[in-house]
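# Residue-level structural notes
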Amino acid sequence: NAIVSLAASTRGAMIAAGADRSVRLFEPNGGGPRHTVADLPDAVYGVAMTADGALAAAACRDGKVRLFTPADGKPAGEI
């Protein structure tokens, strides 16, 4: 799947890549994805992360922003 958005924590602890209806979370030196947030309700158009990498957001085509914690890939809310 083509990556449409990429974000990193400013401390470089985590990288988020948005593609189709998923976000993959990587540790820069860790090889493959650490977690994948898959089957989001709509296409991901953008991703962002807090400076400390504790929270990530996926902006979706339906106008909602889905929040999740990169450490475990679990949902943390919706705006």
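Here's what I pulled together on the structure shown here.

Parameters and conventions
Residue numbers here run from 1 along each chain, matching the order of that chain's written sequence. For this predicted model, a pLDDT threshold of at least 70 governs which residues receive local features, and a threshold of 80 or more governs which side-chain atom pairs are given and counted, while totals over whole chains, interfaces and linings are taken from all residues. The side-chain values count all of the structure's non-hydrogen atoms but skip hydrogen atoms and water molecules. In these notes, a set of buried Ala, Val, Leu, Ile, Met, Phe, Trp, Tyr and Cys residues joined through side-chain atoms within 4.5 Å is what counts as a nonpolar core. When accessible area is computed with a 1.4 Å probe and restricted to protein chains, residues below 20% of their type maximum are described as buried, those above 50% as exposed, and intermediate ones as partly exposed. Note on contacts: a residue pair qualifies if any of its non-hydrogen atoms lie within 4.5 Å across the two residues. By definition, two strands form a pair when at least two bridges between them are found by DSSP. Strands are runs of DSSP state E lasting at least 2 residues, helices are runs of H or I lasting at least 4, and numbering of each runs from the N terminus. Every axis in this analysis is a line fitted to C-alpha atoms, fitted for helices over the stretch in contact. Angles between the N-to-C directions lie between 0 and 180 degrees. Any Lys or Arg side-chain nitrogen found within 4 Å of a carboxyl oxygen on Asp or Glu counts as a salt bridge. By the criterion applied in these results, polar contacts are pairs of N or O atoms within 3.5 Å in which, for protein atoms, one can donate a hydrogen and the other can accept it, and in which residues neighboring in sequence qualify only through two side-chain atoms.

Right, let's talk about the nonpolar core for a bit. One finds V23, L25, V44, V47, A58 and F68 to be the most contacted residues of the largest nonpolar core, which totals 14 residues. When neighbours within four sequence positions are excluded, V23 is seen to be in contact with A16, A17, G18, H35, T36, V37, L40, V44, V47, A58 and F68.

This part covers the pairing of strand β3 (residues 22-26). Bridge count between strand β2 (residues 15-19) and β3: five bridges; the pairing is antiparallel. By the bridge assignment for β3, A17 is matched with R24. Connecting the antiparallel pair β2 and β3 is a turn made up of two residues, with D20 showing a positive phi of about 50 degrees. By the bridge criterion, three bridges tie β3 to strand β4 (residues 35-37) in an arrangement that is antiparallel. Looking at the pairing, R24 lines up with T36 of β4.

So, about the sheet that holds β2. As summarised here, the arrangement of the four strands in space is β1-β2-β3-β4, forming an open sheet in which the pairing is antiparallel. Looking at the sheet topology across the chains shown, the edges are occupied by β1 (5-8) and β4. Mean inter-strand twist for the sheet, computed between neighbouring axes without regard to direction, equals 20 degrees.

Any two side chains of opposite charge can pair, so long as their charged atoms come close to each other. All chains considered together, the criterion is met by five salt bridges. One salt bridge in this structure joins R66 and E78, with 3.4 Å as the shortest N-O distance. Within this pair, whereas R66 is found in strand β7 (residues 65-69), its partner E78 is found in strand β8 (residues 74-78), the two being separated by twelve residues in sequence. What makes R66 buried here is its relative accessible area of 8%. Among the residues examined, E78 registers a relative accessible area of 48% and is labelled partly exposed. Within the structure, one salt-bridge network assembled from shared partners comprises D62, K64, R66 and E78.

Among the structural elements, S5 can be located in strand β1. At 2.9 Å, the side chain of S5 and the backbone nitrogen of V47 are in polar contact. Residues in contact with S5, not counting those within four places in the same chain, are A16, A17, G18, Y45, G46 and V47.

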